[in-house]
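Examination of the molecular architecture
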Amino acid sequence: MPLYPKMFRSSDWRAGLLLGGGLLLMALLSKVAGFLFCDMLFVCPLIGLMAVLMLLNGVHYSLFFVPVALAVPLLRGFSGQAAVWLALVSVGTAALGAWLLKSLLSSPRIRLREAASHLVLGGAGLMLLSTLLGGLIPGGYLILSSDMPAWHRFFSFWSSDLVGFLVMVPLVLSMREGWRPAFRQRFLELMLAVMACAAGACLIYSLEGPNPSGWQFLLLPVAIWAALRIGQTGAALVALTLAFSLTHSLAGVYSVAILPAQLFLLMVTVTGVLLAASSDEEENSRRELAAERHKLDAILNAMPNPVFFEDVEGRLVYANQSLLQLVGGQNRNLAGFPSAPLREHLGLPALTSAQQSCSFECTVNAQTAPRTLMCNQQPLLDLDGKLLGNCFVATDMSERLVAEQQLRLSAQVFENASEGIVITDVVGRIIAVNPAFTRITGFAPEEAIGKMCATFRQIAQGTVFGQEVENSLRDLGSWQGEIPGWRKSGETYPAWGSISNVCDESGRITHRVAVFSDFSARKEAESRLQFLAQRDPLTQLFNRSSLQERLEQVCCGDGRLAVLFIDLDRFKTVNDTLGHAVGDELLQVIAQRLCHCLKERDFIARFGGDEFMVILEETLPDAGLATIARRIIDEIARPCAVRGHELFVTCSIGISRFPVDAKDSSGLMQAADLAMYRAKDMGKNTFAFHSQEMIAQVFERGRMEGCLHTAVAQSQFVLHYQPQFVLAGEEFHGVEALIRWQHPELGMVPPGSFIPLAEETGIIEIIGEWAIREACRQMRTWLDEGIDVRCIAVNLSPRQFRRGHLLDIVCSALDESGLEGERLELEITENALMENPENASAVLAELREMGVRIAIDDFGSGYSSLSYLKQFPLDTLKIDRSFISPLPEDGDMAAIVEAIVEMATKLRLTVVAEGVENSTQSSYLRHIGCTVAQGYHYSKPLAADLLPKSVRQVLDMGSAL
């Protein structure tokens, strides 16, 4: 097989014919030219050319070179027999040379040792063999001039073949490898050398002849320059040029005189080959050294360890990328810089001449975070032990220290965790346990290690729980849930745990970790929470949410049921007087009594506060429901002994029925609530069924409440004024402001239709404030118009009187209107005063300081106590119309009125009689000493613009008074 790839890609026959034909054509052309192959004493390149071509394409190509080897001797004048012999010798020598080159050359580049040992010596021996074989031809050398001795002829043949071999082999190999960059870059230099060599040789040998007396050595520097600069190609081309020039200059000289020229050519050729080989070897060494240095640099830069070298003078020679990244000098070349700043930054000791090694740990402030380094400094010595510098290598210990810290932390977590931790192998055999495991289970580590974990034992047994855990570990890598636990004492306990796989770098499961905790307390807390979610913590009955859930369930069916809404009467009094602790115990007693008087299947719940609800799911007629309600009322009404107190409480019960009264749970509760309030309205301690009339009343109440809010917003309220007259003097005393609701659709609504609702909903406070301000404003208007009204009376609501801002309202109304306090009279009921006598006395005193008059309204109809008449700063008593209406026919009522009038007179109070309807009543009241009267007998309540005319008419009809 050839040493190198084939030059041609075609078949061997085609390539061989092309090579042979090409060489034969060159031989014919050279014969025509008169030199080269046919008649050259200085160089014969045929054997060298055939040898290198066989080397490149294979020795079997020797058959194709026989024609050209036969043609060359014939063209030079040899006989046919000699030509055949010389052809065989040439081809055989070339084949032997190709075999020799193949075994000796390691690469196309000829090294110095190969050139010296094999090319020169081997080529010289090979060409010597070829010359000896060629000389065996009878008369083979006689074709040359008889003036040339036989040894000279022998030397000429040997030297020309050797020069041809030494020139052609390196030339073809170098050209076959490819034009070197040096040849391409120095082409002009090569041409200059070739032309200088050709011109110099022709000039020297043309002028001096075959023996130029040393002038020919002037060509030697040119050959050396070409060999060193361009290599084997330059040396070979210069040798060929010199040979051609000698052949041209010494043509026809066949004597011993050409021997110096032959020797000089041989010396130039051998010198060029050796120098070119030496130059190539040095260049290869430089390349190999550069490659090794690049490889070392790549290795050092790939190292994660920071590395730098410094010389003995303290200058940096090298620093790898890890070091540059550490000190923040990426992509910088620090070679030649002083190493002292770097040493100071890394905390290294100062450079000394002592050859010592040292290792130490230091902390460096890197760009990202402080880094901990384990540093090692070693001296660099040459082969003689002389100090060249120092080598610094550091290992970043930061991640290792962090890992060690995490490992210590993990160990502390493992030891101090409150949860039990178990580490097992793949099959579930326990490897390690923590102290919490022993604390929870009672098993010591030596009792557990080596045993199968209970959970993995269930996996091995194939239980349902084990299969669930195994599937989760296989698919998800972890499992979490409730685990049945066993203590050493045999006690079982619920545990909550998680199991996870531990894998190595390849993803193979190596261990499993189970973390668990005693779930007993949590289970108890969950049970407690579940109980509290459904039960009332005070009475242990079901709570409101459970009631609603139960109602929704039973309302989804087709059966009939009833809901009893139970509300304790006057329970607030117990809390207010005896305290909430007594009230709570009373609720517990009531809950027990409810459970005692009802069946177990009946659903009993505490709705909130002092309210209870009962769901009766059995089908009962109204009479049966009434019986159960009476039984509950009787049971609750029994005396209750709580903390030394004998308490008596009653209850009111509202009953609603499904599906008669409502179709859903919320409707049932609402209906029962309405019925319960109906029972309270009936006097309490009773029960009531829900009815459609209740719904109508509630609807009307809701509609009226909405209309009241609208009336306030749209100022639909007006004041009408009823005049008051002095009975004895037939004088106009004042007016009472009475509120009216001027509804846009219903017309004028009397106060009895909306005042109770306004009082209950709190709207009365807004209405009352407006009434005081409007009355003061109207009084001021009358006074400005010259109408003398002594005072104007305004009714106060009990709710309004209880509020603390009444004084501010009155003061503001008087200031805004500019009215004197003496012209305003506020009417208050007895009940409002007696709710909080101390507070009432303080408020009345403040009003009296403003000059405002105080009147007791509806005297005798409410809570009457004669002591408050002296306690409170009063000005007027208004006798309720219920006492005036029967007068004078009813003697008992007349006696009461006379007593009131006489008492008020002695207390220096003005007495006003309300509801005087006729002249008989007016005369009687005047007769008994009543001071002032008002009623329809004099005038009905009128609008402000109609009042002056009505007063004049009454005064004009003095007999009416």
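Here the structure is a predicted model, which means the values were calculated and not measured. (Residues numbered from 1 in each chain as written. Predicted model: local features only at pLDDT ≥ 70, side-chain atom pairs only at ≥ 80, totals over all residues. Heavy atoms only, no water.)

1. Side note on the overall build of the chain
A count of helical and extended segments in the chain gives 36 helices and 26 strands. Counting over 961 residues, the chain shows a buried share of 47%. Pairs at least 24 residues apart make up 63% of the contacts formed inside the chain by residues separated by at least 6 positions. As displayed, the chain offers around 47,500 Å² of accessible surface, 57% of which is attributable to carbon and sulfur atoms. (Helix = DSSP H or I, 4+ residues; strand = E, 2+ residues; numbered from the N terminus. Buried < 20%, exposed > 50% of the residue type's maximum accessible area, 1.4 Å probe, protein only. Contact = heavy atoms within 4.5 Å. Areas by Shrake-Rupley, 256 points an atom, 1.4 Å probe, with all protein chains shown as cover.)

2. Topic: the packing of aromatic side chains
On inspection of all chains with the given rule, the structure shows nine aromatic pairs. When the ring of phenylalanine 437 is compared with that of phenylalanine 516, the centres are 6.0 Å apart and the planes differ by 90°; the resulting orientation is edge-to-face. In this pair, phenylalanine 437 is assigned in helix 15 (residues 435-441) and phenylalanine 516 in strand 10 (residues 509-518), connecting sequence segments 79 residues apart. Each member of the pair phenylalanine 437 and phenylalanine 516 is classed as buried. Every member of this aromatic cluster is reached through a ring pair, and the members are Phe725, Phe732 and Tyr938. (Phe/Tyr/Trp six-rings, centres within 6.5 Å; stacked < 30°, edge-to-face > 60°.)

3. Section: the side chain of glutamate 611
Along the chain, glutamate 611 falls in strand 13 (residues 611-616). No salt bridge is formed by the buried glutamate 611. Its closest oppositely charged neighbour is arginine 544, at 6.4 Å. (Lys, Arg positive; Asp, Glu negative; His and termini not counted. Salt bridge = Lys/Arg side-chain N within 4 Å of Asp/Glu carboxyl O.)

4. Considerations on the sheet that holds strand 13
Strand order in the open sheet made by the five strands is 12-13-11-16-17, with mixed pairing throughout. Of all strands in the sheet, those bounded by a partner on one side alone are strand 12 (603-608) and strand 17 (687-689). This sheet shows a mean twist of 20° between the axes of neighbouring strands, independent of strand direction. Contacting strand 11 (561-569), strand 12, strand 13 and strand 16 (650-658), helix 20 (residues 544-555) runs over the sheet at an angle of about 130° to strand 12. Strand contacts of helix 23 (residues 622-637): strand 11, strand 13, strand 16 and strand 17, with the helix running at about 160° to strand 16, the strand carrying the most contacts. (Pairing = 2+ DSSP bridges. Axes fitted to C-alpha atoms, helices over the stretch in contact; angles between N-to-C directions.)

5. Observations concerning helix 9 (residues 220-230)
Of the residues making up helix 9, those classed as buried are Val222, Ala223, Ala226, Ala227 and Ile230. Angular distribution of buried residues about the axis of helix 9 spans 135°; they occupy a single face of the element. Just past helix 9, the residue glycine 231 takes up positive phi, approximately 95°. (Arc of directions from axis to C-beta.)

6. Points about the sheet that holds strand 1 (residues 307-311)
Read from one edge to the other, the open sheet built from five strands follows the order 2-1-5-4-3, with strand pairing classed as antiparallel. A single partner strand is all that each edge strand has here, and the edge strands are strand 2 (316-319) and strand 3 (358-365). Going from strand to strand, the sheet's axes swing by 25° on average, the running direction of each strand aside. Sheet topology places strand 1 next to strand 2; three bridges connect them, and they run antiparallel. Looking at the pairing, glutamate 310 lines up with leucine 316 of strand 2. Running at roughly 135° to strand 4 (residues 370-381), helix 14 (residues 398-416) makes contact with strand 4 and strand 5 (387-396) of the sheet.

7. Notes on the packing of helix 27 (residues 763-784) against helix 29 (residues 806-817)
Where helix 27 contacts helix 29, the two axes come as close as 9 Å, and the packing angle between them is 25°. Between helix 27 and helix 29, the angle is such that the two are roughly parallel. As helix 27 packs across helix 29, the resulting crossing turns out to be right-handed. For the pair helix 27 and helix 29, the contacting residues are Glu769, Ile772, Arg773, Cys776, Arg777 and Arg780 in the first and Leu806, Ile809, Val810, Ser812, Ala813, Leu814, Glu816 and Ser817 in the second. (Parallel < 35°, antiparallel > 145°, perpendicular 65-115°, else oblique. Left-handed = near helix turned anticlockwise from the far one by under 90°.)

8. Focus: the pairing of strand 12
With respect to burial, strand 12 is a largely interior element, five of its six residues being buried. Between strand 12 and strand 13, which pair antiparallel one after the other, the connecting turn spans two residues, and glycine 609 there sits at a positive phi close to 60°.

9. Remarks on the environment of alanine 236
Inspection of the secondary structure puts alanine 236 in helix 10 (residues 232-249). By relative accessible area, alanine 236 is classed as buried at 4%.

10. Points about the packing of helix 29 against helix 31 (residues 837-849)
The N-to-C vectors of helix 29 and helix 31 enclose an angle of 15°; their axes lie 10 Å apart at closest approach. Considered as vectors, helix 29 and helix 31 are oriented roughly parallel to each other. Note on packing geometry: the crossing formed by helix 29 with helix 31 is right-handed. Between helix 29 and helix 31, the contacting residues are Leu806, Leu807 and Val810 on the first element and Val843, Glu846 and Leu847 on the second. In the contact of helix 29 with helix 31, the residues fall into five nonpolar, no polar and one charged. (Nonpolar A, V, L, I, M, F, W, Y, C, P; charged D, E, K, R; others polar.)

11. Here we look at a nonpolar patch on the surface
Nonpolar side chains collect at one region of the surface, where Phe187, Leu188, Met191, Leu192, Met195 and Trp225 lie side by side and expose about 620 Å² of accessible area between them. Broken down by element, the residue count for the nonpolar patch peaks at five residues, all from helix 8 (residues 187-208). Summarising the element assignment, phenylalanine 187 is placed in helix 8. Judged by its relative accessible area of 40%, phenylalanine 187 falls in the partly exposed class. (Patch = residues over 30% accessible without salt bridge, like charges linked within 9 Å, V, L, I, M, F, W, Y side chains within 5 Å.)

12. What to know about helix 29
Between its first and last C-alpha atoms helix 29 spans 17 Å; for 12 residues at 1.5 Å apiece the expected length is 16 Å, and the two agree. Structurally, helix 29 contributes buried residues whose contacts are with helix 27, helix 28 (798-802), strand 22 (824-829) and helix 31. In the stretch just after helix 29, glycine 818 is the one whose phi turns positive, near 70°. (Expected span 1.5 Å × (residues − 1).)

13. What about the environment of phenylalanine 571?
Note on placement: phenylalanine 571 falls in helix 21 (residues 571-578). Its relative accessible area of 6% is what places phenylalanine 571 among the buried residues. Sequence-wise, phenylalanine 571 and threonine 650 are 79 residues apart; in three dimensions their C-alpha atoms are separated by 8.7 Å. If we skip the residues at most four places from it in the chain, phenylalanine 571 touches Gly583, Leu586, Leu587 and Asp610.

14. Examining the pairing of strand 21 (residues 791-795)
Looking along a regular strand, one sees side chains alternate from face to face of the sheet. For strand 21, a buried count of four out of five residues is recorded, marking the element as mostly surrounded by other parts of the structure. Examined bridge by bridge, strand 19 (residues 731-743) and strand 21 share four bridges and lie parallel to one another. Considered in strand 21, the bridge of valine 735 is made with isoleucine 792. The pairing of strand 21 with strand 22 spans four bridges and is parallel. Its bridge partner lying in strand 22, asparagine 795 is registered against glutamate 827.

15. Here we look at unusual backbone geometry
Cis geometry is adopted by the peptide bond preceding proline 659, which originates at phenylalanine 658 and carries an omega value of 5°. Examined against the element boundaries, proline 659 turns out to sit in the loop between strand 16 and helix 24 (665-681). You will see that glutamine 540, though not glycine, has its phi angle at about 65°, which is positive. Structurally, the position occupied by glutamine 540 is in the loop between helix 19 (520-534) and helix 20. With a phi angle near 70°, lysine 684 is a residue other than glycine that sits in the positive phi range. Of the residues examined, lysine 684 reaches a relative accessible area of 33% and is grouped as partly exposed.

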